[in-house]
Amino acid sequence: MYWEGASGFEIMLNVLMIGVGQCGNRILDAVNRQAFGGASRLSKYYSRQKFPSRVETLAVNTAINDLKELKFTQAKDRLHVPNLHGVGANRNKGKEGFWDNRDMIMEEIERRGDFDIAFVMTSVSGGTGSSFSPLLIHELKSRYKNITLIPISVLPFREEGSIYLQNSAFALRELMEVEADGMVLVDNQYLKRCSGDIGSAYDKINNMLAQRILFLIESLDTEMLSVTDLGDFKTVMNGGLRMGTLGYYQGDKKNPSVRAAIKGSLKEMGLLYPANVDAGEAARAMIIIQGSKDHLDVDEITKEIEELSSTIGHVFKGIVVRGGPPKVLSVIALEKVPGVVDLYERAKRAIHEERDRRERSRSQLNEAFEHINDLEEIY
Amino acid sequence: MRVVHLVIIALLLAVHLGEGADESSISYEEFTLQLGDRVDIGSFRVELVEVQSIRDGLTVLRVSQSSTGMDEQRVLVLDRANDFEGGADDDGLTITVAAIFDDISAKVRIEYPTGIGTPRKRTGDVSARTRAAPSLIVTKSFDRDKLNVGDSVKVTIAVKNVGTDVAENIQVLDQPPLAEFLYIAGYPPKIRESLEPGESDSALYVMNAVKEGIVKVPPIEVRYSDKKDNIKSNQSKESSININPARRPKIELRMDPVKPINYSSTALLNVRITNSGQASAYRVELTSEVKPADGLRIMGPSIGRSYFEIPPGRTENFTVMIKGEQSGNYTVKLRASFQGGEGLVMEEDACDIVVLGQDYKYLYYLLIIPVVLIALWVLKRYREYKY
């Protein structure tokens, strides 16, 4: 894909970022905010977004109030699916809504041009996101033949309720069944530790995710000392379970070691989904290192990558020379997802409990109805 | 008894005749006579008619003798004996004017033969005794008694004959010109040479005060003579006149302050010239100067103008239009020269005028434009992000 850049015709990635549902919308808004530099709430009035590539964003939701909450996403990039006021966590209703509005939604996307890669950001537990996203990915894949589709799936807090758990289970399965090129997992339950209260935890998680996505896009579209590209990314994401996550670590002046930064990006603290890389839970990885030349010792990096390769299997590395201490983004394809398995077990239990509860309620109600079986109304 | 009587008469006559023959001596008497007074001796009568000239010692006496019909009026010189009818030695009279007291009285010595009788003085008519004589009174008056140096004063010399006869050879003797005055016209005063009784004449002259102070004006003297060339004189009263310092004009120039003038705009500059002094200012010439010379132009009418006279208390106003052609601070200097009594006097005034810089109004728009652009930009962004 060719795109006219500042220095003439350059190869630039055309990126589509779609946030579906409330969670996806908020992640998208965080990405847009980060693109402004993320400094001020008023930055949208005096600054402009600095995406490393041509990035088109679109927030899709059935609840208009969720769209209104967005601050850094342009109005033209907010798509309300009409005649709906949310789907009430009902994926069936959501799917109906998507099919009813599929053409309108796809027309809105196609109006934005052609794309090399699309990130579909959604929570798998909600109604709109979990129901729209698999169908949307399917539609995108059918319309954009060469597109790389990466769903970014946010797993819920486990205590959020049985419907969210069952939605997560079915949505994850559907997302894995469509022709996506891997999936990035983000586990809210795991990341909740970042902040005490849930409200600020959401914001922090969204900002962490936005920062890593923009880092990834920039890295895929930048001349590197050691090159990684979209193909490498695609290869990594197709490894293992085709489920992956993102790790990030930023060194500082006190600890400017690039090797420490690489290690830090792979530790559980730096990941969006809990994975024990040292224990062989990673199938493939792509390590993107950014920093000043002083901090980027290629030999050290190579040694560290070689060590990782002995554990992970295959590791792509990309080095971007920029000012400052080393920053490392790791893209990991997972071989084991115990957290997901646990979620499915919980979901299974939740579904059973829900079914039992409903049956008990129905039988109680039926028993109640039986009291008047032989009776008629008297007026 | 008649015989007795005849004897006695005869004796007396004989005695008398005998005594006459024996007493052919001369007697004399001195009489102080006034005009009209007469002395009768026997058949002689001597009357003082006139004192013709005291200075020359001339008197006029009239001598008559009833018995002979002699009647003679003669001018007698003082202390010189005059014989009438042969004189006292020849049964006549010898008369000598011994002294002349004044115009109407004289001492007359009459020598006569002792036998002709006893002289008897008879007082004449009083009116006849009053001799007609001129009497002049003279006055010197000023039309003002207080004046300033440079003021003119009119001096009136008036002479009136309050006597009963014509005054002749009238001369007015004014003092030599006073140093405090400059005599302009009419000096020395001219008075008619003769004035009939009751007539008066006056003369007027004008002088300018040239020196301040209290001037004692000496009396003026008038000299005249009567018909007998008797010279008389009289003089006026002494007076004084106060000469204050000279009145001077005082020209005050004033230009009303002018608000700052916008570039290339005009404004009115009001100029007032007031004579706040006590005297008129003459030949007032106004000139102006603008500093710096370029940038502020006097459109008109010209400030340069002249007034022949500006009386005390009078104010002359005029207005000129000025135009600011270049921004800056300017000073308009106004200068007036005039005759101020002691030569040319200069007065000056100055007025500061500010010409503002060129008002590029569109600069305000330039200031607004960024604000508008920012507002539009913010609005655009707001609308872009408003959902």
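These numbers come from a predicted model, not from an experiment.

Draft legend 1. A look at the overall build of chain A. Secondary structure assignment for chain A yields 12 helices and 12 strands. Within chain A, the fraction of its 379 residues that count as buried is 54%. Contacts in chain A between residues at least 24 apart in sequence constitute 80% of all its contacts with a sequence separation of at least 6. For chain A, the accessible surface area stands at approximately 17500 Å², while carbon and sulfur atoms represent 48% of it.

Draft legend 2. How the structure looks around the sheet that holds strand β11 (residues 146-148) of chain B. Residues and elements named next belong to chain B. Spatial strand order, β11-β19-β16: 3 strands in an open sheet with mixed pairing. With partners counted over all chains shown, the strands left at the sheet margins are β11 and β16 (213-217), one partner each. Mean inter-strand twist for the sheet, computed between neighbouring axes without regard to direction, equals 30°. Sheet topology note: the β16/strand β19 (residues 239-244) ladder contains 5 bridges and is antiparallel. Bridging from a neighbouring strand, G213 pairs with I243 of β19.

Draft legend 3. Just the nonpolar core, in detail. All names here are of chain A. Within the largest apolar cluster, 62 residues are counted, with the highest numbers of intra-cluster contacts made by I18, I109, L136, L140, L185, I287 and I289. Split by domain, the residues of this core number at least three in each of domain 1 (12-220) and domain 2 (242-334). Those residues within four positions of L185 in sequence are excluded, and the remaining contacts are S153, L155, L172, M243, G244, T245, L272, Y273, V337 and V340. Counting 47 residues, the second-largest nonpolar core is a separate cluster that includes L67, Y190, V236 and V331.

Draft legend 4. Just helix α11 (residues 298-312) of chain A, in detail. Residues and elements named next belong to chain A. Counted at 1.5 Å a residue, the expected span for α11 with its 15 residues is 21 Å, and the 20 Å between its end C-alpha atoms agrees. Burial in α11 covers these residues: I301, E304, I305, L308 and I312. The arc that holds every buried residue of α11, seen down its axis, measures 100°, which confines them to one face. For α11, the exposed residues lying more than 90 degrees away from the buried face are D299, E306 and S310. Tucked inside the fold, the buried residues of α11 contact α10 (258-266), β10 (282-291) and β11 (314-321). One side-chain oxygen of the residue at the start of α11 lies 3.0 Å from the amide nitrogen of D299, identifying that residue as D297.

Draft legend 5. Here's a closer look at the sheet that holds strand β26 (residues 328-339) of chain B. Residue and element names in this part refer to chain B. Spatial strand order, β24-β22-β26-β27: 4 strands in an open sheet with antiparallel pairing. What marks the edges here is a single partner per strand, and that holds for β24 (305-310) and β27 (344-355). When the angles between neighbouring strand axes are averaged without regard to direction, this sheet yields 20°.

Draft legend 6. Region of the structure containing a negative patch on the surface. Residues D83, D89, D90 and D91 of chain B make up a contiguous surface patch of negative charge. Note on placement: D91 of chain B falls in the loop between β6 (81-84) and β7 (93-100).

Draft legend 7. Examining the environment of V77 of chain B more closely. Residues and elements named next belong to chain B. Assignment of secondary structure puts V77 in strand β5 (residues 70-77). Here the alpha-carbon distance between V77 and T96, two residues 19 residues apart in the chain, equals 8.1 Å. Setting aside anything within four residues of it in sequence, one finds V77 in contact with G57, L58 and N82.

Draft legend 8. The side chain of R212 of chain A, seen in detail. All names here are of chain A. Within the secondary structure, R212 is located in helix α8 (residues 198-220). No salt bridge is formed by the buried R212; the nearest opposite charge belongs to E268, separated by 12 Å. When residues no more than four places from it in sequence are discounted, the contact partners of R212 are L246, G247, Y248, G270, L271, L272 and L329.

Draft legend 9. Spatial organisation of the side chain of T148 of chain A. Residue and element names in this part refer to chain A. Mapped onto the elements of the fold, T148 is located in strand β7 (residues 148-155). Judged by its relative accessible area of 2%, T148 is buried. Each residue touching T148, except ones within four places of it in the same chain, is listed here: D116, I117, A118, D181, L230 and K234.

Draft legend 10. Spatial organisation of a positive patch on the surface. A contiguous patch of positive charge, built from R41, K68 and K71 of chain A together with K386 of chain B, is present on the exposed surface. In this structure, K71 of chain A sits in the loop between α3 (64-68) and β5 (78-80). With a relative accessible area of 40%, K71 of chain A lands in the partly exposed category.

Draft legend 11. Highlighting the interface of chain A and chain B. Tallying the contact residues gives 20 residues for chain A and 9 residues for chain B. Taken together, both faces of the contact between chain A and chain B bury some 1000 Å²; the carbon and sulfur share is 55%. On inspection of chain A and its partner chain B, the count reaches 0 salt bridges. Linking chain A with chain B are 5 residue pairs in polar contact (both at pLDDT 80 or more). Secondary structure elements with two or more residues in the side of chain A that touches chain B: α2 (43-46), α3 and β5 of chain A. Counting residues per element, the side of chain A that touches chain B draws most heavily on α2 of chain A, which supplies 4 residues.

Draft legend 12. Seen up close, the packing of helix α4 (residues 91-110) of chain A against helix α5 (residues 128-143) of chain A. Residue and element names in this part refer to chain A. Contact pair α4 / α5: the axes reach a minimum separation of 9 Å and the direction vectors enclose 35°. Once α4 is placed against α5, the crossing between them reads as right-handed. Residues R91, G94, K95, G97, F98, W99, R102, D103, I105, M106, I109 and E110 of α4 lie in contact with α5, whose contacting residues are S130, S131, F132, P134, L135, L136, E139, L140 and R143. Of the residues contributing to the contact of α4 with α5, the split by class is 10 nonpolar, 4 polar and 7 charged.

Draft legend 13. Structural context of the pattern of salt bridges. Per the stated rule, a full pass over the model turns up 43 salt bridges over all chains. A salt bridge links E56 of chain A to R112 of chain A, with the shortest nitrogen-to-oxygen separation between them at 3.9 Å. Taken together, the positions of E56 of chain A in strand β4 (residues 54-61) and R112 of chain A in the loop between α4 and β6 (117-123) put the pair 56 residues apart, joining distant regions of the chain. In terms of burial, E56 of chain A and R112 of chain A fall into one category: buried. The shortest N-O distance in the salt bridge between D40 of chain B and R45 of chain B comes to 2.8 Å. On the accessibility criterion, D40 of chain B (13% relative accessible area) is buried. Each of R54, E56, K76, D77, E107, E108, R111 and R112 of chain A takes part in one network of salt bridges that share partners.

Definitions and cut-offs
Each chain carries its own residue numbering, running from 1 in the written order of its sequence. Naming scheme: in the order in which they are written, chains are lettered from A and ligands are numbered from 1. Local features in a predicted model are, by the rule used here, given only for residues with pLDDT of at least 70; side-chain atom pairs are given and counted only at 80 or more, and totals for whole chains, interfaces and linings are based on all residues. Where side-chain values are given, they derive from all heavy atoms of the structure, hydrogens and water being excluded. Secondary structure elements follow DSSP: runs of H or I no shorter than four residues count as helices, runs of E no shorter than two count as strands, and numbering proceeds from the N terminus. Buried, partly exposed and exposed residues are distinguished by accessible area as a fraction of the type maximum, computed with a 1.4 Å probe on protein chains only: under 20%, between the cut-offs, and over 50%, respectively. Contact definition: two residues touch when any of their heavy atoms are within 4.5 Å. For accessible areas, the Shrake-Rupley method is used with a probe of radius 1.4 Å. Any residue's cover is judged against the shown protein chains and nothing else. In this analysis, strands are considered paired if DSSP registers two or more bridges between them. Helix axes are fitted only over the stretch in contact, all axes being lines through C-alpha atoms; the angle between N-to-C directions runs from 0 to 180 degrees. Nonpolar cores were defined as sets of buried Ala, Val, Leu, Ile, Met, Phe, Trp, Tyr and Cys residues, with membership established by side-chain atoms within 4.5 Å. Residue ranges labeled as domains rest on an automatic or database domain assignment. One less than the number of residues in a helix, times 1.5 Å, gives the span that helix is expected to have. What the arc covers is the set of directions going from the helix axis to the C-beta atoms. Contacts described as polar in this section are N or O atom pairs within 3.5 Å, which, within protein, must combine one atom able to donate a hydrogen with one able to accept it, while residues neighboring in sequence count only if both atoms come from side chains. Within the patch definition used here, like charges are joined within 9 Å and nonpolar side chains (Val, Leu, Ile, Met, Phe, Trp, Tyr) within 5 Å, considering only residues with over 30% relative accessible area and no salt bridge. Basic side-chain nitrogens of Lys or Arg form a salt bridge, by our definition, when they fall within 4 Å of a carboxyl oxygen of Asp or Glu. Charge assignment in this entry is limited to Lys and Arg as positive and Asp and Glu as negative, and neither His nor the chain termini are counted. By convention, the point assigned to a charge is CZ for Arg, NZ for Lys, CD for Glu and CG for Asp. Note: buried area is the sum, over both parts, of the accessible area (probe 1.4 Å) each one loses when the two are combined. The sense of a crossing depends on the near helix, which, turned anticlockwise from the far helix by less than a right angle, makes the crossing left-handed and, turned clockwise, makes it right-handed. Under the convention adopted here, Pro, Cys and the residues Ala, Val, Leu, Ile, Met, Phe, Trp and Tyr are nonpolar, Asp, Glu, Lys and Arg are charged, and Gly plus all remaining residues are polar.

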